[in-house]
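In case you want the letters, here they are:
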Amino acid sequence: MLKRLLPVAFLAVAVLLTGCDIAGDARPSGPPTTTATPSRTGTELADRYRKSGGDADVYGIHHAKNGKGVLVLSVWTHKEDYYGNVDDFAAKLASFLKRDGVSVDQGYVLNVYGPDGVRLHMLDTTPQHNP
């Protein structure tokens, strides 16, 4: 029994020490993606955003703090290409969210996704990245 377990244990230790995984490199190629369908609350928030004069192409908005306490905004849009001026888009979105009770005073990370789920923009406004 020990003779059978020893090679398996040796292989497991070797894999752990080399940092390799048995499945190979699981990192996806291409741009970051997300689901093309926001949650129900995300679509409701986007509806309020559009009704307040926000971008008509936005159909989903989600906001949450990550493990480090940074506000992460995810936006789903029908646009298939980049926003010409993402800073203006982000400022208008942040202004809406602030009126909606979301604190953006410590900055945020904004990810904008197209209709196929491919990320079109990533903007980091946190103080660490914008002193």
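In the block above lies the structure referred to throughout.
These numbers were taken from a predicted model, which means no experiment stands behind them.

J.: Lay out the packing of aromatic side chains with the relevant residues and their values.
T.: Taken as a whole and judged by the stated rule, the model has three aromatic pairs. Ring geometry for Trp76 versus Tyr113: centroids 6.4 Å apart, planes at 35°, classification tilted. With Trp76 in strand β2 (residues 71-77) and Tyr113 in strand β3 (residues 108-113), the pair connects residues that are 37 residues apart, well separated along the chain.

J.: Can you tell me about the pairing of β3, naming the residues and giving the values?
T.: Along any regular strand the residues' side chains alternate between the sheet's two faces. A large share of β3 lies buried, amounting to six of its six residues. With burial as the criterion, each face of β3 is covered, one bearing Tyr108, Leu110 and Val112 and the other bearing Val109, Asn111 and Tyr113. With helix α3 (residues 86-99) bridging β2 and the parallel β3, this β-α-β connection has right-handed handedness. A loop of five residues connects β3 with strand β4 (residues 119-124), the two strands running antiparallel in sequence, and Gly117 in this loop sits at a positive phi of about 90°.

J.: Outline the packing of helix α2 (residues 40-51) against α3, listing residues and values.
T.: At a minimum axis distance of 11 Å, the contact between α2 and α3 shows a crossing angle of 105°. Judged by the inter-axis angle, α2 sits roughly perpendicular to α3. In this structure, α2 contributes Leu45, Arg48 and Tyr49 to the contact, and α3 contributes Phe89, Lys92, Leu93, Phe96 and Leu97. Classifying every residue of the contact of α2 with α3 gives six nonpolar, no polar and two charged.

Calculation criteria
- Residues numbered from 1 in each chain as written.
- Predicted model: local features only at pLDDT ≥ 70, side-chain atom pairs only at ≥ 80, totals over all residues.
- Heavy atoms only, no water.
- Phe/Tyr/Trp six-rings, centres within 6.5 Å; stacked < 30°, edge-to-face > 60°.
- Helix = DSSP H or I, 4+ residues; strand = E, 2+ residues; numbered from the N terminus.
- Buried < 20%, exposed > 50% of the residue type's maximum accessible area, 1.4 Å probe, protein only.
- Right-handed = clockwise from strand over helix to strand, strands pointing away.
- Pairing = 2+ DSSP bridges.
- Axes fitted to C-alpha atoms, helices over the stretch in contact; angles between N-to-C directions.
- Parallel < 35°, antiparallel > 145°, perpendicular 65-115°, else oblique.
- Contact = heavy atoms within 4.5 Å.
- Nonpolar A, V, L, I, M, F, W, Y, C, P; charged D, E, K, R; others polar.

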